[in-house]
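This is what each chain is made of:
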Amino acid sequence: MVRFAPTLTIAVLIGPVIAGLAGIALPAFGYLPALGRTSFSLSPIADLLAMPGLWRSVRLSLWTGLASTAITCAVTFLFLAGWSQTRAFHWMRRLLSPLLSVPHAAAALGLAFLISPSGWLVRLVSPWATGLDRPPDLLIVHDPAGIAMITALVAKEVPFLLLMALAALPQTDATRLSHVAESFGYGRMAGFAYAVLPRLYSQLRLPIFAIIAFSTSTVDVALVLGPTLPAPLAVRVVDWMNDPDLGRRFIASAGALLQITVTGTALLAWLGLEKIVGLIGRHAISSGKRYRRDGVTRLAGASLALLCVVVIAAGLAGLAVWSVAGFWRFPDALPATFSLDTWKSNWAEAATLFRTTLAIGAIATLLAVFLTLGCLENESRRGRAPGKGTLSLVFVPLMMPQVSMLFGLQILFLTVGLPPTVTTVALAHLVFVLPYVFLALADSWRALDPRYAMVAAALGAGPERTFRRVRLPMMLPAVLTAAAVGFAVSVGQYLPTLVLGAGRVVTVTTEAVALSAGGNRRLVGLFAVLQMVLPLIGFTIALLVPAVLFRNRSAFRLARP
């Protein structure tokens, strides 16, 4: 069974992408027998191009995606260059790591509550500093330039890229190279930029491409914070797909193909930006300047990284307060009264959605862990790791715009007779959960000393027994942590639930995003809090179970990631 795991995993990662693309390509050219179209035509593309505001939507998607990715990289690399291998770096890492488990929708909702005209920031400085006794008439959330949306994406993607960088740093010989650069008189940041960053960046290209793909095609963050007239392209594609007029499905399919083009254009633009930055870097190196005085730049890097933590944490705190707020008039910084009425009156519905989200996440995570363990155990038995080309397949679902493959996947599921159920949605989540589980577990698994297995084999244990009695117990903390990461990813999935659930399967994430368009902040706060509680449960289990099981076996804790 283990030897078939890699093939099955690749099928899970690539199969839905191919099926999804085929499912939108045919309707985009007018072919969809289920709606009576049995011939090919260019009319869907012509109808799409005639849509008002289409090119502004395209520009918004490109702008928000590229700007958020560039700022994310700048913040991450500034912080790494200025503070890696310091005590402050380890503290900041501890602060940033939990943010990875916060769903994008919850982070966006929290930011919306924080920066809106009646949000916490304005309340904290009113009226004593602003003189305001009512919310200012400013368009901050849903601003036309997408600044609020970019801010949320940066705050959420910096922890992801930083953790990817931490996993890649040991492969760059960063400590030795930094010391050599400093011995030649270069400043700390210049030495990192000249000697370490080129090696590190080559390890981070795929995660950065995944950030670009997500940022140019995100739907949940755009619905909460993005421009509305017009909205970014991905949001408009979803609107066309959900239109009661089935004829709009052809335009939606053409729009999904255009979304792939937009994301591909963004990736090409990023490759061009890499060339420009490379030329600037080589010119800076050849100039011979050491840039020893980098205190201000180091402080800026730490401040920006800390700002990401503060923005997300304050936003989430605001959501929690709103969920228990009683009467709360502007400009009071805190509610005059606190009440559990919102929780009591909506608990029945919330509990149902909580259980549904839990079930979907559990199914998708268990399948992802099962496949990942199979692949890694197969590596261990064969004694060699897969090549870069094979590993890059893990990123394929992350680099493909969700909106461009899920509608095709929906048609495929309906064709093979899979109705919108919890299991169907869980299978769709699996496509996006599996890469994160694999990335979270692979390095820890490969770092396990192979001599443990050799000793077990010398004592007569077969491969199966070695896996069950040696590797799996020792790697249990890492496995549970990877499972917690996968579960958090599943909880945050908005578009797969919306499309594959077809309105019959609703989770706390889809409900929170849907409620964000209304004015009931207490209800939005309630469901956003549930979004945060679910990943927290997963990570708590990942910490407590090994602590209880191995309380008398300290050596097993060596495998903690």
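- An unreviewed UniProt entry annotates the chain as Thiamine transport system permease protein originating from Amorphus orientalis.
- Comment text from UniProt for the chain, heading Sequence similarities (unreviewed entry), reads "Belongs to the binding-protein-dependent transport system permease family."

## What to know about the overall build of the chain
So, step 1. Helix and strand counts for the chain stand at 24 helices and zero strands.
So, step 2. By the compact-globule yardstick of 24 Å for 561 residues, the chain fits well, its C-alpha radius of gyration being 25 Å.
So, step 3. Structurally, the chain occupies a C-alpha span of about 65 × 60 × 55 Å along its principal axes.
So, step 4. Relative to its 561 residues, the chain shows a buried fraction of 52%.
So, step 5. Summarising the internal contacts of the chain: among those between residues at least 6 apart in sequence, 82% fall at separations of at least 24.
So, step 6. Here the chain displays about 25400 Å² of accessible surface, and carbon together with sulfur accounts for 67% of that area.

## A few points about the environment of Ala350
So, step 1. Structurally, Ala350 is set in helix H14 (residues 341-382).
So, step 2. Here the alpha-carbon distance between Ala350 and Leu530, two residues 180 residues apart in the chain, equals 8.3 Å.

## Here we look at the packing of aromatic side chains
So, step 1. Per the counting criterion, the structure on display carries eight aromatic pairs.
So, step 2. The interplanar angle of 35° and the centroid separation of 6.4 Å between the aromatic rings of Trp343 and Trp347 together place this pair among those described as tilted. A residue pair is termed a helical-turn pair when its members lie 3 or 4 positions apart in one helix, as Trp343 and Trp347 do in helix H14 at four residues.
So, step 3. Among the aromatic side chains, those forming a connected cluster through ring pairs are Phe113, Trp322 and Trp328.
So, step 4. The ring of Tyr186 carries Arg290 above its face, with NZ or CZ at 4.4 Å from the centroid.

## Quick look at the nonpolar core
So, step 1. Of all hydrophobic cores here, the largest spans 125 residues; its most connected members are Leu80, Leu200, Leu204, Ile208, Leu225 and Phe527.
So, step 2. Considering every element that reaches this core, the biggest residue donor is helix H7 (residues 147-168), with twelve residues.
So, step 3. Sequence-distant contacts of Leu225, that is, excluding residues within four places in its chain, are made with Ala108, Leu111, Ala112, Val141, His142, Asp143, Ala148, Met149 and Ala152.
So, step 4. Among the nonpolar cores identified, the runner-up in size contains 32 residues, and Val12, Cys375, Val437 and Ala482 belong to it.

## Topic: a nonpolar patch on the surface
So, step 1. Nonpolar side chains collect at one region of the surface, where Ile363, Leu367, Leu412, Val416, Leu418 and Leu427 lie side by side and expose about 430 Å² of accessible area between them.
So, step 2. Along the polypeptide, Val416 turns up in the loop between helix H17 (402-415) and helix H18 (422-447).
So, step 3. With relative accessibility at 55%, the residue Val416 sits in the exposed group.

## Quick notes on the pattern of salt bridges
So, step 1. With the rule as written, the count across this model stands at ten salt bridges.
So, step 2. Here Arg471 and Glu377 are joined by a salt bridge, their closest N and O atoms 3.0 Å apart. Taken together, the positions of Arg471 in helix H20 (residues 463-474) and Glu377 in helix H14 put the pair 94 residues apart, joining distant regions of the chain.
So, step 3. Glu464 is paired through a salt bridge with Arg381; the nearest N and O atoms lie 3.4 Å apart. Of this pair, Glu464 sits in helix H20 while Arg381 sits in helix H14, placing them 83 residues apart in sequence.
So, step 4. On the accessibility criterion, Arg381 (33% relative accessible area) is partly exposed.
So, step 5. A network of salt bridges, in which partner residues are shared, links Glu377, Arg381, Glu464 and Arg471.

## Focus on the confidence of the model for the chain
So, step 1. Looking at the chain as a whole, its pLDDT mean stands at 87, while 98% of the residues score no less than 70.
So, step 2. Within the chain, helix H15 (residues 388-392) has the poorest average pLDDT of any element, 71, and helix H3 (residues 54-83) the best, 94.

## Notes on the state of the cysteines
So, step 1. Scanning the entire structure with this criterion turns up zero disulfides.
So, step 2. Residue Cys73 stays outside any disulfide, its sulfur separated by 12 Å from that of Cys308, the closest cysteine.

## Re the packing of helix H9 (residues 188-217) against helix H12 (residues 248-287)
So, step 1. The contact between H9 and H12 brings their axes to 10 Å, and the two run at 160°. Classed by the angle they form, the pair H9 and H12 counts as roughly antiparallel. Crossing angle aside, the handedness with which H9 passes H12 is right-handed. Contact residues: H9 offers Tyr194, Tyr201, Arg205, Ile208, Phe209, Ile212, Ala213, Thr216 and Ser217, while H12 offers Gln259, Thr263, Ala266, Leu267, Trp270, Leu271, Glu274, Ala284 and Ile285.
So, step 2. Residue classes in the contact of H9 with H12 are distributed as twelve nonpolar, four polar and two charged.

## Comments concerning the packing of H17 against H18
The axes of two packed helices give the description: the angle between them and the distance between them.
So, step 1. Closest axis-to-axis distance for the H17/H18 pair is 12 Å, and the angle between their directions is 145°. You can see that H17 and H18 cross each other, and the crossing is right-handed. Here H17 contributes Gln402, Met405, Leu406 and Phe413 to the contact with H18, which in turn contributes Thr424, Val431 and Phe432.
So, step 2. The residue inventory of the contact of H17 with H18, partitioned by class, reads five nonpolar, two polar and no charged.

## A word on the environment of Cys375
So, step 1. Position of Cys375 relative to the elements: it lies in helix H14.
So, step 2. Sequence separation of Cys375 and Phe438 is 63 residues, and the distance between their C-alpha atoms is 9.0 Å.
So, step 3. Not counting residues within four places of it along the chain, the set of residues in contact with Cys375 comprises Ala5, Pro6, Thr9 and Phe438.

Each value, and the rule that gives it
- Residues numbered from 1 in each chain as written.
- Predicted model: local features only at pLDDT ≥ 70, side-chain atom pairs only at ≥ 80, totals over all residues.
- Heavy atoms only, no water.
- UniProt positions renumbered as here; feature names shortened; annotations may be inferred.
- Helix = DSSP H or I, 4+ residues; strand = E, 2+ residues; numbered from the N terminus.
- Rg over C-alpha atoms; globule rule 2.2 N^0.38 Å.
- Buried < 20%, exposed > 50% of the residue type's maximum accessible area, 1.4 Å probe, protein only.
- Contact = heavy atoms within 4.5 Å.
- Areas by Shrake-Rupley, 256 points an atom, 1.4 Å probe, with all protein chains shown as cover.
- Phe/Tyr/Trp six-rings, centres within 6.5 Å; stacked < 30°, edge-to-face > 60°.
- Lys NZ or Arg CZ within 6 Å of the ring centre and 35° of its normal.
- Core = buried A, V, L, I, M, F, W, Y, C linked by side-chain atoms within 4.5 Å.
- Patch = residues over 30% accessible without salt bridge, like charges linked within 9 Å, V, L, I, M, F, W, Y side chains within 5 Å.
- Salt bridge = Lys/Arg side-chain N within 4 Å of Asp/Glu carboxyl O.
- pLDDT = per-residue confidence, 0-100.
- Disulfide = S-S within 2.5 Å.
- Axes fitted to C-alpha atoms, helices over the stretch in contact; angles between N-to-C directions.
- Parallel < 35°, antiparallel > 145°, perpendicular 65-115°, else oblique.
- Left-handed = near helix turned anticlockwise from the far one by under 90°.
- Nonpolar A, V, L, I, M, F, W, Y, C, P; charged D, E, K, R; others polar.

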